[in-house]
Every structure is written in C-alpha cells, then in structure tokens.
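Each chain is listed here by its residues.
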Amino acid sequence: MQVKIFQNLIKQNYKFFTHIILFFFLFIKLSFVSGQTESYIVQAAFLERFTQFIQWPEDSMRNKQTFTIGIIGENKLNSNIERLYSEQRIKIHDKNITFKYFKSTRDLEITDVLLISPTSAENLRNILAFTQNKPVLTISECDNCAKKGVHINFFIDKGSIRFEINNTAVKKSNLSMSYLLLQAANTVINNEKL
Amino acid sequence: MKPCKISILLILQLITLNLSAADSKNFQVKQIFDMSLEELLNVKVITAGKTPQTVSDIPASSVIVTRKDIETYGYTTLNEILKDIPGLYSINDYAEDGVKFGVRGFWSGVANDNIIILVNNIPQTKNVFSNHPLVQIPVPVEAIDRIEVVRGPMSVIYGSGAFYGAINIITNESWENEPETIASIGLGSSNSKKGFLRTSNNTGSTIYTVNVSTNSTDGIDQPADKLMSDTSMLSGWGISTDYSTGGSLKENNNYLDISGQSNSLYYNLVLIESTRGCQFSFPAYGKGHLNNYFDYNFAVGYNKKYTEAFSINTKFTYYKDRLWFKLKFLNDDFFGIQQIESKAWDYTLDTFYNPVSSLKITTGIEIKDIFDIYNLYDLPSFHDPFFENSFIKVPDDHSITSLAGYSQFEYKPLSNIQFVGGLRLEKSLKYQIKANFSNETELFNKKQGTVNREKIEFIPRLAVIYKYNTNHVWKLLYGKAINRPSFFQDYLQIQAGDKNLLPEKIETFELNYQSVIKPNLLISFSFFHNILDNLITRIILLDEIGNYDSSYFSNSGRLISDGVEFSISTNPTKKLYVQLSGSLQKTKDKQLGHEDIVVAYSPQKLGYLKTRYQINKHLTTALSGQYVSSMESFWDDTPDVRKSIYSPIGRIGQKSDDFMLIGANIRYNNFMDKGYFVNFRISNILNSDIRYPTFNNNTWADKGTLDYGREFLISFGRKF
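Bear in mind that the values here come from a model prediction, so they are computed numbers and not experimental data.

*Asks:* What should I look at first to understand a nonpolar patch on the surface in this one?
*Replies:* Residues and elements named next belong to chain B. Taken together, the side chains of Ile185, Leu187, Ile666, Phe680, Phe712, Ile714 and Phe716 make up a nonpolar region of the molecular surface, amounting to roughly 590 Å² of accessible area. Sorting the residues of the nonpolar patch by element identifies strand E9 (181–188) and strand E37 (711–719) as the ones contributing at least two each. The dominant element in the nonpolar patch, judged by the number of residues it contributes, is E37, at three residues. Relative to the helices and strands, isoleucine 185 resides in strand E9.

See the structure below:
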C-alpha cells in the first residue's frame, strides 16, 4: 500500500523530480568547474614573475641560446610546468626554455633554475652542496627549506601562495634580486650562519 | 517531458559541461599567467596532491619517529623507541611473549593484541593469539627509516586488532634516497652484541634494499629476593634461595628483510629467527625455558597510477610463524614442549580515486585465510594426560577465513577544512576447531566444535580537520574498532562448552589541537574519551550459599577512559631542542561487581622528555626520559581456597611504585667526512628500579618484575 502511494507520488510529479535531478547534476558539474585554482599553476606563474626581478651573472648568460630549468623530484609543479609554459608560450629573458629532469643528486648539472620537490627534501643537503656559490636559483616547497639554504621557498598561508627568500644564499650565488621581489616575500632571511 | 527527450537533454548537458569545464580551466590558467606579482599573492588555491601527507593532514592522532631521531637518542631496541611515544607504556613480565605495551591506560595482558604492528605495510600478526609480540618482530633499530604511529581506532583501514591504532615500521625508505650502505657493530652491558648491514641500490627502474642483523644479550639479571616476598618457596621448585633471573632471559635475534621494486611491481620479505629465554608460572629451572621463533612473510604487489586521478595497489602476502617453546621446571629430567604454528595468506586490493582535487576516495577489499593453525602441548613430565600430545588445530579441510571491504573518503571543500569518513564491513566465516588427546577421558569429551561468528561487523570512522592557518590545526575524530577473539580464546570456549565469544569493541571520541605558537614553539593537545566494551573477561559463578560453582569467559568487560595528552616542542636556541609530553587519564571499570576495583596496569600519569643538543655539525648529545605513575596488579576473581565461603583472591601482587627511566646518548657522525660514526648510549642512567606489577604469567614474582638496571652500549659504523 505504501509502495503504491510512493509510486503515485513519483508519477504525478515526475517533471518536478526530473528538473531537480538535472539541476543537481548541473550544480555538481559547475562546482567542479569553478572554485579555487590549483596551487601548481600559481607557483608556475610566480616562477616566471620571479625571473623578471632577478639578474643572472653576465658570463653565465652570455652565448646561451636557452634558459634552462632543472627539476629534481616529483610533485604537481614539477610534473606540469613544462606543459604549462609550452601552452602559454613562456620565454624568460627573451630565451626559449629547456627543461632538464634529474633522477638523483648524482645526475645534477648546472641550470639557471632548479626546482626541488618536497620528496627530495632529504637530499637537500647534497643538492645545496652542488648549487652553492653557483648562479642556480633554487626553488622549493618544503618546511624550513629557506632556512636550510634554498633561495625561494613556497608555502601556503590562509589559502594563498606565499614565499620566503634566503637573501644570504642568493647573494652567495652571485644572483641579483630586486628589492621589489624582496618586498613581496613573506620572510626574508639575512643570516650569515646557515 | 518524455523519457527519450530527458536522455538527450542529459547527454547534451554532460557534453557541454565537460567542454565548458575544459575551456574554463584553460581560460583560468591564462588569467593566472597574466597577473602581476601582487595579484598572484591574492589568488586562492587548492592544496591537494601534496604527498606524503604532513602530520597535520593525517586524520588521526599521530607521531612520526625518524631515522634521525633514532640515531640522535641512541635507541638500542624497538622497545626503547616505542616506550618514548606519548601515550604508550610497557610492562615486561618475563613471559614468552615478551614486553607488552599499554596505550592510553589500557593494557590487555596479551602482547600487543590491540595495536597492529606492520613492517613496510605488512601486518606482523601472529594468528594463534592474534597479537604482535615484539619478540617475534625484532626489527633492528639500524634498519628503521621511519616509524609511523597512528593512534586511535584504525579498524576501517587495518581491520580487527587495530583497537588503539597502528605502528608501521618502514625499513625501505632508501628507495627515494641516494643508494647507501650502512655497516655497524655494537657491544654493551649484559654481554650485548649487535651486528648490522644494510645495502640499497637504485638503478632507476629497479630498486632494492636489504637489511640484515644479528644481536644477542644475556638479558635481565635480577635476584629473587627483589622479586619475591618469600624466597623459601623456591626450594619447593628445586631452586636455591639465591636464585636470580640471570641466564634465563637470554636473547638471540637474527633478522633479514629485503624490499624491492621494478617499475610497478614490488616485493617485500621479512625473515626472523630468534631464541629467547623466559619465565612462566614458576621460576625456570637451570638455563630456563627456551623459545625458538621462526617467522617469515613475503608480499608481492603491484602499484600503478593509471591517470592523475586513479591508481590501484594490490598485494598478495604469505605468512608463516612458528614457535617452539621448551619448558624447564623442577629438575634436569623435566621435558615439555609447546609448538604453535600458523600459515596464512591474504590478498588486498585498494583503489585510489581523485575525481577532483578536493575529493579523494579510497576503497578496498581484503581476504585473509589462515589455512594451517595448531597448538601442540607435549609435557609428559607433568604426568597429566591433558598435557600429553595434546593437539588443538583447525581440521585440514577447514580454514579461518575473513572477508572485508572498506571505503573511505577525504573531502576538502575549502583549503582549510577537510572531512574524512569511512566504513568497513568485515565478516569472519565459521570454522571448526578440533582437539586430540592421547588419553581420551570423560573430561575431554568436548574436543570439537564450530566457531560461528558470521555477523557482519560495521566499523565506521569520521574526522573533521580544520586548519585556521598553517599554524593552527584542529581535529575532531570519532572511530570504532574491533578485536576478534583469537584462535586460542575460541578453543578455550569450545573446551568449556560455552558459547562463542564476540569481538571486543572500542569507540573513541577525540579532540586534537596543534599549534605553531612561534616558529620554534609547537604545542599539541588531545582530549579523548574511550569506551571499551565486550571485553573478554572471566566470570565466576557462585551457588545459592555463595560458594564457588564454576567460571567461564564472556564478553562482559567494560572500561571507560577519559584523558588528555599534551606535547610541547621548542628550539630555544638553534642547537637545542626540547620536547615535553604527558598524559593524564582515568579508566573506570564498569563490569558488574568491579565498579570499586581500580583498573590494573593503568597508570594515571605518564610523562616524556626528549632533549638534544647539537654541539657541532658532527657531535650530538641527547637525553630521553619517561615517567610512569604507579600501577595496580591484576584482580583475580578466582575463589581463595583458604576461605570457606567465596572470597576472591584479589590482587595477585603488590602495587608498583612510580618510576622514572632516563637515557642519555652521545653520537659523533661522519668522522673524517668519510661516513664513520660512533655512538655511546646509557639506558636507565640513574640505575632506578623499574618495577612492573605482577601479572598472571608469573605470580611467583609477587613484588613485581624488574627491568634492566643501568646499561651501556657502544656502537661503531660507517655509512657510505
């Protein structure tokens, strides 16, 4: 008896229920479409902006056809940056960009920028030993990595991307960083004892 | 609207919305890349996809112990590491299953049967007693890359037995690091010797890690007069009154694990061979009782990421564990053995689905089959037919099978709030137990029975994680867990002719808060409320005039625990680190008739101190301490035969006093920049009496059992 009442209810109101279901489906799809941005997209954009405020030594840039970005370890930024830059046709210092992927610290070569993923943080000491005093801009996203010697370290605060800069390490690498970039950073570390 | 028109409309919606989703995303990326530096700082982001999870992201109360922690504090055994985990405390009653841990005021007396211990994600469960005795998991500390201790009911993920959580010991993390070799030796007090070798290699697509170790010790040496009130009783057992435990608690452990990965395939082998002395029931005669363990488990799995959003992990594991227990009582001619063995396999399939970055769904199935399990007694020296060629087993054409399926979601609608929910359905199929005795008598006519516990268990879990910002995280947790009776408990019920036991249950409510007050000051608080129900206890039946009639096991135990844990970690200077943790808890016994009895083995206060000082880039010193408040011993309801009317025996021993255990360590790393290291550790630096209250296994030690006094260990090694 109760089943019959329920069936009648559906029959009499099927248009209403149909619209509700379609609306629900539409709502779900819209909620997947809109909303916040993936953090790696914003980080990739930041990186491109950073290079506009940093000067590499002339002798490291002279005669170079491309600007190289090295990547060690895996995370969303490292896995997607080449695709993003290709889609957006990004150039840095008027040079095309080449990407080099390193599986371990033993494979490292000199690049203009080195992206270090959190999974490689334990190798950080070895990585920084390699890049120390070389004009390689190191960028990471891991706890306390700026204090450990990484030049620029991303973190998230109240839902937005922020970054901290180890200015001492930047100077030791012969890179020149604009005051405007230092001003935009959340934290600037100036400490001779790393 | 006709049905076919609705279908067309729906399909069109699907197509258009998918296209618009793709277009929208492209447009969004372009917008981002067109923004200025200042504008980028204002963009709100989703932060999913960051692996591994940070401790603040894990929807449970958790502690991570790293290799660096282990080396800095100089822990010499897995026991020492776990003792320093807030909320955990241990009791060593000298029995064959070794040191047993209690968590948040609950200690069951069965070695770690309410916390799952895994090695490289493989449960190290011993099936006869459904427990995790550390004597059968002698992972050398030198092999440990990381220990993840997740506290709270974890049965949704791990199934029966994860009452108080899970301890996962990782020894193969060098996969992600540089290939490395570590070799070390150690010498110390109580004739302790250790040798360890580790090698790992990474050729890109193929990776392996091998850990092998051997260690031995003469064990705890404590005189009988410190353990017993009346040593004259020793002569009744053929032992002199100047008896000590020296020589009867020796240990020798051999350990091997091999882990490897080749593309998506991985494998894991753990092999253990140990011998260990113990005490059981009466003081052991001569060189004491001897246990010999031989365990191995081998897993092979496949881990594949099909798309950014979908991956699977499937694994098949084979287990074998065997214990030979050789007893020695009363005189040189005594002969008695117990042999316990089980063989099992399990298969798991887990799928991980991220339809969108804010939602992660994990589902899994598990099938476990224990196809060979038996317990054999042969103690002819007891001259009791019950103990001669007494064989308890699951018949050859039967096995103990359990089936489970679970699903868990993690949903992050906003970057600062996460919901986690899960449900596990688990069922154990009925099985038979058969017992054979060499002399069949009336007493043993109940020697076969069926365990029928086919009801589906529903095990839920809920958590809410709120991150006000990266500095303040709140977690509200709720979970249930079960602990199914073991094969041995089921057998005892059948032997007694009593009905099948039900799984024990725990329900936990917890509120956890973590805060980074300043960059170098971290605090954490947890408030918990645990309800333990259906605990297996022994019920005494009295006749009409109050005399003892009979007893049986039933699920009538109930405990309620309320408590708070706190932890403060700080770097007052760059070189100094201090962590102070503590736990206050009160457990009440709600079993009928036990309301006024103080719960045994349940310290109300626990304290932990860890501090380390980096003298220079090579040299570190560290101090670790644990405080455990007093504990009552077991309350025995068995009738006291000296009384004419029923009166329970009551406490089987004395209450133990508070104790403090402090260890110190100094380590020199990378000597001559060639990877050499030397480590000097002192345990129980104050030489305090670390006394545990008496337990059933050794009631002769009515003053309680004593742990090691002051011990030293020096080790040398090289990492290259």
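*Asks:* Help me out: how do you make sense of the environment of arginine 461 of chain B in this one?
*Replies:* All names here are of chain B. On the secondary structure map, arginine 461 appears in strand E23 (residues 457–469). Here the alpha-carbon distance between arginine 461 and tyrosine 577, two residues 116 residues apart in the chain, equals 35 Å. Here glutamine 408 takes part through its side chain, which lies 2.6 Å from a polar atom of the side chain of arginine 461.

*Asks:* Can you help me understand helix H6 (residues 487–496) of chain B in this one?
*Replies:* Because an α-helix packs 3.6 residues into every turn, residues spaced three or four apart end up facing the same way. Taken residue by residue, H6 of chain B has Phe487, Phe488, Asp490, Tyr491, Gln493 and Ile494 of chain B as its buried positions. Backbone geometry just downstream of H6 of chain B places glycine 497 of chain B in the positive-phi region, at approximately 75 degrees.

*Asks:* I keep staring at the environment of glutamate 48 of chain A and nothing clicks. Help me out?
*Replies:* Residues and elements named next belong to chain A. Residue position: glutamate 48 is located in helix H3 (residues 39–52). The exposure class of glutamate 48 is buried, given its relative accessible area of 9%. In this structure the C-alpha to C-alpha distance between glutamate 48 and arginine 162, which are 114 residues apart in sequence, comes to 15 Å. When near neighbours in sequence (up to four residues on either side) are disregarded, glutamate 48 contacts Tyr85, Ile90 and Lys91.

*Asks:* What is the right way to look at empty space enclosed by the protein in this model?
*Replies:* In this approach, a probe sized like a water molecule rolls over the atoms, and the result shows the empty space that is left. Residue and element names in this part refer to chain B. Tallied over the full model, the rule gives six cavities of 30 Å³ or more. Approximately 1000 Å³ is the volume found for the largest cavity. Surrounding the largest cavity, 49 residues form its lining, Thr76, Thr77, Asn79, Glu80 and Tyr708 being those nearest its centre. At the level of secondary structure, the elements contributing two or more residues to the lining of the largest cavity comprise helix H4 (78–83), strand E10 (192–202), strand E11 (206–217), strand E12 (251–262), strand E30 (619–628), strand E33 (659–671), strand E34 (676–683) and E37. By residue number, the principal contributor to the lining of the largest cavity is H4, which donates four residues. Looking at side-chain class alone, the lining of the largest cavity contains 20 nonpolar, 19 polar and ten charged residues.

*Asks:* Where do I start with the sheet that holds strand E5 (residues 113–116) of chain A in this structure?
*Replies:* Each strand in a sheet pairs with its neighbour through backbone hydrogen bonds, running either in the same direction (parallel) or in the opposite one (antiparallel). All names here are of chain A. In space, the seven strands of this open sheet follow the order E4-E3-E5-E6-E7-E8-E10, with mixed pairing throughout. What marks the edges here is a single partner per strand, and that holds for strand E4 (96–102) and strand E10 (187–189). Strand-to-strand, the axes of this sheet are offset by a mean angle of 25 degrees, without reference to chain direction. Relative to E10, strand E8 (residues 160–166) is paired through three bridges, and the arrangement is parallel. Paired with glutamate 164 across the two strands is threonine 187, which belongs to E10.

*Asks:* I would appreciate a short explanation of the pattern of salt bridges in the present structure.
*Replies:* Pairing between side chains becomes possible if they bear opposite charge and their charged atoms approach one another. Per the counting criterion, the structure on display carries 31 salt bridges over all chains. With a shortest N-O distance of 3.0 Å, lysine 100 of chain A and glutamate 109 of chain A are connected by a salt bridge. On the basis of relative accessibility, which here comes to 32%, the residue lysine 100 of chain A falls in the partly exposed class. Among the salt bridges present, the one from aspartate 490 of chain B reaches arginine 453 of chain B, with a minimum N-O distance of 2.9 Å. Residue aspartate 490 of chain B is located in helix H6, and its partner arginine 453 of chain B is located in the loop between strand E22 (448–451) and E23; the two are separated by 37 residues in the primary sequence. A residue is classified by how much of its surface remains accessible, and aspartate 490 of chain B, at 1% relative accessible area, is buried.

*Asks:* How do you make sense of unusual backbone geometry when you look at a structure like this?
*Replies:* Only a minority of non-glycine residues have a phi that is not negative, and only a minority of peptide bonds are not trans. Residues and elements named next belong to chain B. Of note, arginine 104 is a non-glycine position whose phi angle comes to about 50 degrees, a positive value. You will see that asparagine 684, though not glycine, has its phi angle at about 50 degrees, which is positive. Considering the arrangement of structural elements, one finds asparagine 684 in the loop between E34 and strand E35 (691–692). Residue asparagine 684 is classed as buried on the basis of its relative accessible area, which comes to 2%.

*Asks:* What's the story with helix H5 (residues 76–87) of chain A in this structure? I'm lost.
*Replies:* Residue and element names in this part refer to chain A. Taking 1.5 Å as the rise per residue, H5 with twelve residues should run 16 Å; its terminal C-alpha atoms sit 16 Å apart, in good agreement. Within the span of H5, buried status applies to Leu77, Asn78, Asn80, Ile81, Leu84 and Tyr85. Just downstream of H5, arginine 89 is the residue with a positive phi angle, here 55 degrees.

*Asks:* How should I be thinking about the nonpolar core in this particular structure?
*Replies:* A general tendency of soluble globular proteins is for nonpolar side chains to be buried together. Phe46, Phe50, Ile69, Tyr85 and Phe163 of chain A are the most contacted members of the largest nonpolar core, which totals 46 residues. A total of eight residues in this core trace back to one element, the largest contributor, which is H3 of chain A. Setting aside its immediate chain neighbours within four residues, phenylalanine 46 of chain A contacts Phe154, Ile161 and Phe163 of chain A together with Leu37, Leu40 and Leu41 of chain B. Counting residues in hydrophobic clusters, the runner-up holds 39 residues, among them Leu78, Phe163, Ile272 and Ala622 of chain B.

*Asks:* Before we go on, may I ask you to explain the side chain of lysine 83 of chain B in this structure?
*Replies:* Residues and elements named next belong to chain B. With respect to the helices and strands, lysine 83 occurs in helix H4. Judged by its relative accessible area of 12%, lysine 83 is buried. Non-local contacts of lysine 83, meaning those with residues more than four positions away in its chain, are made with Leu88, Ser90, Phe101, Tyr608, Gln626, Leu661, Tyr692 and Asp707.

*Asks:* Would you take a moment to explain the pairing of strand E5 (residues 116–119) of chain B for this structure?
*Replies:* Remember that side chains alternate between the two faces of the sheet whenever the strand is regular. All names here are of chain B. Alternating residues of E5 divide into Ile116 and Leu118 and Ile117 and Val119, and every residue in both groups is buried. Pairing analysis gives four bridges linking E5 to strand E8 (residues 165–170), with the strands arranged parallel. For valine 119, the partnering residue across the bridge sits in E8 and is isoleucine 169. Bridge analysis of E5 against strand E6 (residues 122–123) gives two bridges, and the strand direction is antiparallel. Each residue of the ladder has a partner; that of leucine 118, found in E6, is proline 123. Where E5 folds back on E6, the antiparallel hairpin that results is connected by two residues, among which asparagine 120 adopts a positive phi of roughly 50 degrees.

*Asks:* Explain the packing of H3 of chain A against H5 of chain A here, please?
*Replies:* The description of two helices packed together rests on the angle between their axes and the distance between the axes. Residues and elements named next belong to chain A. Where H3 meets H5, the closest approach of the two axes is 9 Å, and the angle between their N-to-C directions is 65 degrees. Considering how the two elements wind past one another, H3 and H5 form a crossing that is right-handed. Mapping the contact onto sequence places Tyr40, Ile41, Gln43, Ala44, Leu47 and Glu48 in H3 and Lys76, Leu77, Asn80, Ile81, Arg83, Leu84 and Tyr85 in H5. Its residues placed into classes, the contact of H3 with H5 shows eight nonpolar, two polar and three charged.

*Asks:* Is there a simple way to explain the packing of aromatic side chains in this structure?
*Replies:* The way to describe two aromatic rings as a pair is by their centre distance and the angle between their planes. Per the stated rule, a full pass over the model turns up 31 aromatic pairs over all chains. Seen from their ring centres, phenylalanine 294 of chain B and tyrosine 296 of chain B are 5.9 Å apart, and the 70 degrees between their planes marks the pair as edge-to-face. With relative accessibility at 25%, the residue tyrosine 296 of chain B sits in the partly exposed group. The ring of phenylalanine 130 of chain A is capped by lysine 134 of chain A, whose NZ or CZ atom sits 4.7 Å from the centre of that ring.

*Asks:* Please clarify how the environment of proline 153 of chain B should be interpreted in this entry.
*Replies:* Residues and elements named next belong to chain B. Looking at where proline 153 falls in the secondary structure, it is placed in the loop between strand E7 (146–151) and helix H5 (155–158). Note on proline 153: relative accessible area 10%, which makes it buried. The spatial distance from the C-alpha of proline 153 to the C-alpha of leucine 576 is 35 Å, given a sequence separation of 423 residues.

*Asks:* Help me understand the pairing of E37 of chain B in this model?
*Replies:* Residue and element names in this part refer to chain B. Direction of pairing for E9 relative to E37: antiparallel, over a ladder of seven bridges. When the bridges of E37 are listed, serine 184 appears paired with glycine 717. Where E34 meets E37, eight bridges bridge the pair, whose relative direction is antiparallel. Each bridged residue has a counterpart across the sheet, and for serine 683 the counterpart in E37 is glutamate 711.

*Asks:* Explanation requested: the confidence of the model for chain A in the structure shown.
*Replies:* Low pLDDT means the predicted coordinates in that region are not meant to be read closely. Per-residue pLDDT for chain A has a mean of 78; in total, 77% of the residues score no lower than 70. When the criterion is pLDDT under 50, residues 22–35 of chain A qualifies, and its contacts beyond four places in sequence or with other chains add up to 14 contacts.

Rules behind the numbers
Residues numbered from 1 in each chain as written. Chains lettered and ligands numbered in written order. Predicted model: local features only at pLDDT ≥ 70, side-chain atom pairs only at ≥ 80, totals over all residues. Heavy atoms only, no water. Patch = residues over 30% accessible without salt bridge, like charges linked within 9 Å, V, L, I, M, F, W, Y side chains within 5 Å. Areas by Shrake-Rupley, 256 points an atom, 1.4 Å probe, with all protein chains shown as cover. Salt bridge = Lys/Arg side-chain N within 4 Å of Asp/Glu carboxyl O. Helix = DSSP H or I, 4+ residues; strand = E, 2+ residues; numbered from the N terminus. Polar contact = N/O pair within 3.5 Å; in protein donor to acceptor, adjacent residues only side chain to side chain. Buried < 20%, exposed > 50% of the residue type's maximum accessible area, 1.4 Å probe, protein only. Contact = heavy atoms within 4.5 Å. 1 Å grid on protein atoms, 1.4 Å probe; cavity = no way out; pocket = protein on both sides within 12 Å on 5 of 7 lines; lining within 4 Å. Points joined across faces, edges and corners; volume = space filled by probe spheres on them. Nonpolar A, V, L, I, M, F, W, Y, C, P; charged D, E, K, R; others polar. Pairing = 2+ DSSP bridges. Axes fitted to C-alpha atoms, helices over the stretch in contact; angles between N-to-C directions. Expected span 1.5 Å × (residues − 1). Core = buried A, V, L, I, M, F, W, Y, C linked by side-chain atoms within 4.5 Å. Left-handed = near helix turned anticlockwise from the far one by under 90°. Phe/Tyr/Trp six-rings, centres within 6.5 Å; stacked < 30°, edge-to-face > 60°. Lys NZ or Arg CZ within 6 Å of the ring centre and 35° of its normal. pLDDT = per-residue confidence, 0-100.

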